[in-house]
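# Overview (structure and organization)
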Amino acid sequence: MAESTRNRVMEIRAGLSHALGAAQIALERALDAREAAEARYRRMVAAATARRRKLAVARDERIHEIDAWHDTELAALAGAAAGAADRAAPGAAGEPWHSWEPTPLERAAELRVGRLMLPEAPLPAPARAERPSAHRDGGGDDRIGGAWSGAPGEVTEAWAGPDSEPPESAAGPVVDEATPEVPALVRLLDHGHIVIEGDRRAGDDVLAGLLLRALGTSVPGQVQIIGYDPENLGGGLAGFAPLATAGVLTFVGPGDLDKLLDELVGHVRRINETVLAGEYSSVRELHAATKRRPEPWRVAVLLGGGELSRPQRTQLDRLLRTGAACGVHLVIRGQSVEPGPGIEFVVAAPGDGARIESAGDLPVRLDPAPTPSVVTATCRQIAEAVAAGPAPVALDSLLPEPGAEWRESSAAGLTAPLGDSPQGPRVQVTLSDYPPHALIAGPSGTGKTNFIYAWMGALAARYSPDELAFYLLDFKEGVSFARFAPGRRDPSWLPHVRLVGVNVNTDREFGLALLRFLGAELKRRADAAKQYEVTNLAELRAEDPDGSWPRIVAVVDEFQVLLGGRDSVTAEAVDLLEDLARRGRSQGIHLVLASQDVSGIEALWGRPALVAQFSLRIALPRARRVLSETNAAADSLPRYHAVVNADSGAPEANRIVRVPAAGDREQWSSLQHRLWRRRPPELGPPRLFDGDVVPRLADSPDYRDLRVGESTTAPVMLLGQTIDVASRSAQTVLRRAPGRNLAVLGTRTDEACAILATAGRSLAAQFTPTGARFSVVCLDTDARAAAEALHARIPGSGFYLPDDVYWLLEDAAAEATASWPADRPHFILIYAADALPGGREAADQLRTVLRQGPERRLHVLGWWRGAGLLRDSLGGHASRTDPIGAWVALDVHGSELTPYYPGQGAPNWYPRPWRALHFDRSVHRGAEVIIPYGTS
C-alpha cells in the first residue's frame, strides 16, 4: 500500500517535474514569442505612423496641387470666357462706358449689361521648375503623386509601392497676375427679346445701356426705336430724344398700343412674304448670304401699361415667337412674359444681386447707366448721319467678277443692276422694246450724274463694244462725261463710248447734230431691216450676224437746254426726238434724257405722244413731275437712292434702289482701265467735242487729207470746224463760177484773221509753190501781225499794204476782164476790205474783181467789218449781193444778214464768242454754225 503510494507519489512528482519542465519550456517559448510579437508590434506601429505621416504629406501636397490646378483652370476659363465675350461683343457692344464710342459692326453682336461674378479664384504662385521630391522616413519610401498626380478625375498609372520613385512632373502653367473680367452679355439684335424685371432704377440703367449699345454697333439708321411709355409719357427714353428729329426714335401714345403691335406684326408678315420669300429663314441668314441688310432692326420698348387685353396679348405673343427672325425685337419692362425660346430675362438688382437667365446661377454686377453726355452726343451724331443719308455702297457691287465681263448679248435688250432694293435683291433695269427710253430727274446735288455713271458702268461691264455703244452729251457747264474720253492725265477711254460732248450749254446745234446722226443711223438700220424682211434688232442680228448692230444708248444730260428756245433748233430737235423715240425702240436706239427739273420744258410736255415713249422713269430725291402726279415716292428718298419706275411713273410700279458711289474717280478709273485693256485693237478713241476748247486746224481730218494737185480746178477752202458728230470742217468750193468769193463779216479781229488764215492755208496745201498765186492785203494795222504770219506760211505769196494795193487791184481788174481765164488761180486775201484806199476808182476795181473774177479763176477772200460796209463795197443798197456766194458772219446779228440770205426773213443768229455763221449759196438751204480754228 505504502509502496504503491510512494510509487504513485514518485510518479506524480515525476509527472509534475516533467510538467514543470514542459511548462518552463513553454514559458520560455511564450516569452520569446511575446518578445517577438512586441517587436513586430513596435515595427508595425512605427510603420503605420510613418505611413500616416507620409500620407498626410502626400495628401497636403496633392490638395495643394489640386488647389493650384483649380485656380489655374478657373483663371484660364475666366480668360477664355473673357476672350469669347470680347469676340461676341466687340467694340461698342462690350466696351466699358469710360472708353466707349460708336463702332458700327458688320453683324449683330451680343450686348454687355454688366460683369459676371465668378467664384473666387486666388491665382497660384508662379510655376515651379520641378515637382517636390519624395519624402523618406524610417523603413520605407512613399511616393507623392501616384493616383492623384493628374487632374481631378484623371486616371494615371497605379502606385508602384513605397520603394518606387515618382516620375518627374512638368512645371505648372504660368498665369497672368490679374483676374480677367468676364462681361455679362445678352442677345438682342437678330436673336430675340429682353424682359427686364426687378429693381426699377437698376432696370432703367440696363435699358439705357442696351439701347445705346444697339445704336452704337449698327450703321446710323439701321436701328429704329419705338417707345411706348404710358406711365412716364416718354420720360423713360428722354435721353434719346435727339434721335426723334431723324426718325430713328418714335413714340406712341398711351392708347396706341394696339396700333403699335398691329404695325409690328404687319412688318413681320411683310418681311416674311416679300423679303425672305421662303428663300431664307431670317434676315440674319439673308445678310450672311448676300452681305446686304434690306430691313432695319425695329426695337419696340414697352414700359409698363397695366394688364394687356386678350388681343394685345395675342399680338405680343406672335411678336415674341416670330419677330426676331424678321428683325423686330421687344424690350419689355413692367409686363408679365412667359419664358420661351429667344427671350432673355434680366433681373435687375443693386450690388451683386442681379441675374441674367443665360448665366444660370452666377451673380451679375450690372453696369451703371451711360452718362447723359455720352447718350446725347451719340444720339446727335447718329441723327446727323441719318439726316445726311446712308453712305453709298461700292461700285464693284454692280459689276460681274473680274474676268467675267462682256459675256452678255444685247440682241433682246440691255439689262443691268442699278443697286440694292430695300428688300435686299438687286434692282435690275432693262432697256428694250419696252421700256425703250428713260427720263431721269433730280435737283442739283441729288446724285443724277452719279446715277448715270453707275448705270453706264453696270452696262459697260456686261456688254462688249460690239453689243453696246454710248453717245454722251452734257449741256450743263461742266465736264461730267470727259472722263470717258482720253485726257492729258489719263490716256484711257471707255471702249463703248463713240461720242462725248461737254460744255455745250451754248452750242445747242451740237445736240441737234447728235439727233440728226441718230436719225441717219435709224434710217440705215430700218433699210437693213427691210432688206432682210425683219422687224426688230434681234431679228436683224440673227439674219445678219456679220453686221455691226450694237444697241445705241444716247445720254443727254440737261436736255431741256436743247429744247429751251423758241427757234428752228428746238422745232427740229423735237421732231427728231419724237421720231427716234417712236421708231428707235425696234432698231436698238435708246434715249436717256436727264434733267434737274423737267417741269418747265414746254416743248417736251406739250407733246404727250413723245413723253409717252419714255416709259422708264427714274426719280432722284425731291424730283418733280417725272413720276405721275399722284406719285410722291421721291419726296422722302434719302441720299444715294432713287425711284425706278418702268410704267410711266404709276405708283404701283415703284422700285426703290440704293445707288452705289460711281462718281468716285478712283473706283471708276479701275473699271475703265480694266475694260480699256480688253478693247479690240481696231477700236479708236471716241470723238470729244468740248465747247470751251478752240479747235486746231492741224487736228482737222479734212485738212490732213488735202493733197497737192488733187483739186486744182475746184479747190476746197476750209473755214472752221462744224458743230457736228463727225469732226468735219466747213468747206466752200471755189469753182469757176460767178459768186465764188468769200466775205467774212464782223469786227472781231482775232476770229476774222483766224478764218482767213484757215482759208489761205487750206488752199495753199492743194498747190505747188508755182501752182497758184496768193496775194495778202492788209488794210488794218490790228491785223498786220496775222496777215504777215499767213504771208510767211504761203511760199511765194505777195504782201500788200495800203500804199501799194492800187497796183494789185489794177492788175486783178485786168485779169478779171480778160478774154481767157488765167493759167493758174489767183487768191486775193484782203484784211479789212472796207478800208480800201483809192476812192471810187479802187472801189470799182474791187467790184469788177468780185463780179467777174471767179469765172477767170480769180477769187477774193475778204474781211469786211460790217454787213453794211460789204453792201457799200458792192455798190450800195440797190446793188445785187450775188457776187458774194459764201459768207461767214461773226458779231453780226441775223437781221443784218437779210440781203445775203435767200428767201424771206433773216437767219436766226445771235453772236457768240468764237462762233460764226457760215452760208454757202451753192450748197446750203440754211446757214450753219461753225467754230473758227485757232491761229496757233
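Quick caveat: nothing in here was measured; it's all calculated off a predicted structure.

A few words now on the overall build of the protein chain. Along the protein chain, the regular secondary structure elements total 19 helices and 33 strands. Over its C-alpha atoms the protein chain spans a radius of gyration of 50 Å, topping by over 25% the 30 Å that the globule rule assigns to 936 residues. Taking the principal axes of its C-alpha atoms as reference, the protein chain extends roughly 220 × 70 × 60 Å. Per-residue burial over the protein chain gives 49% buried out of 936 residues. The long-range fraction of contacts in the protein chain, counting pairs at least 24 apart against all pairs at least 6 apart in sequence, stands at 74%. In the protein chain, 102 side chains carry a positive charge and 118 a negative one; their mean positions are 2 Å apart.

With that out of the way, let us pick up the environment of Asp 882. Checked against the element boundaries, Asp 882 lands in the loop between helix 19 (867-874) and strand 31 (886-889). Asp 882 gets classed as partly exposed once you look at its relative accessible area, which sits at 34%. In sequence terms Asp 882 and Ala 619 are 263 residues apart; their C-alpha atoms lie 55 Å from each other. When near neighbours in sequence (up to four residues on either side) are disregarded, Asp 882 contacts Gly 739 and Arg 921.

This brings us to the packing of aromatic side chains. Applying the stated criterion to the full structure yields 14 aromatic pairs. The structure contains a cluster of three or more aromatic residues connected by ring pairs, namely Tyr 453, Phe 481, Phe 484 and Trp 668. The ring of Trp 97 carries the charged tip of Arg 213 above its face, separated from the ring centre by 4.1 Å.

Taken together, the buried positions of helix 4 (residues 283-290) are Val 283, Leu 286 and His 287. Taken around the axis of helix 4, the buried residues stretch over an arc of 100°, which confines them to a single face. Along helix 4, the residues that are exposed and aim more than 90 degrees away from the buried face are Ala 288 and Ala 289. In this structure, the buried residues of helix 4 make contact with helix 3 (257-276). Just downstream of helix 4 lies Lys 291, where phi reads positive at about 60°.

Tracing the backbone shows Lys 448 in helix 7 (residues 448-462). Those residues within four positions of Lys 448 in sequence are excluded, and the remaining contacts are Ile 440, Gly 442, Asp 557, Glu 558, Ala 594, Ser 595, Gln 596 and Leu 620.

The terminal C-alpha atoms of helix 15 (residues 749-764), which comprises 16 residues, lie 22 Å apart, in line with the 22 Å expected from a rise of 1.5 Å per residue. Burial analysis of helix 15 places 15 of its 16 residues in the buried class, which makes it a mostly covered element.

Moving on, we come to the nonpolar core. Note that soluble globular proteins tend to have their nonpolar side chains buried in a common cluster. Core analysis: the biggest nonpolar cluster contains 115 residues, and Leu 719, Tyr 831, Leu 861 and Trp 887 have the highest contact counts within it. Looking at which element gives the most residues to this core, the answer is helix 15, with nine residues. Ranked by size, the runner-up nonpolar core spans 52 residues in total, among them Ala 85, Ala 109, Val 206 and Ala 354.

Scoring rules and cut-offs
Residues numbered from 1 in each chain as written. Predicted model: local features only at pLDDT ≥ 70, side-chain atom pairs only at ≥ 80, totals over all residues. Heavy atoms only, no water. Helix = DSSP H or I, 4+ residues; strand = E, 2+ residues; numbered from the N terminus. Rg over C-alpha atoms; globule rule 2.2 N^0.38 Å. Buried < 20%, exposed > 50% of the residue type's maximum accessible area, 1.4 Å probe, protein only. Contact = heavy atoms within 4.5 Å. Lys, Arg positive; Asp, Glu negative; His and termini not counted. Charge placed at Lys NZ, Arg CZ, Asp CG, Glu CD. Phe/Tyr/Trp six-rings, centres within 6.5 Å; stacked < 30°, edge-to-face > 60°. Lys NZ or Arg CZ within 6 Å of the ring centre and 35° of its normal. Arc of directions from axis to C-beta. Expected span 1.5 Å × (residues − 1). Core = buried A, V, L, I, M, F, W, Y, C linked by side-chain atoms within 4.5 Å.

That's the geometry; what it means functionally is another story.
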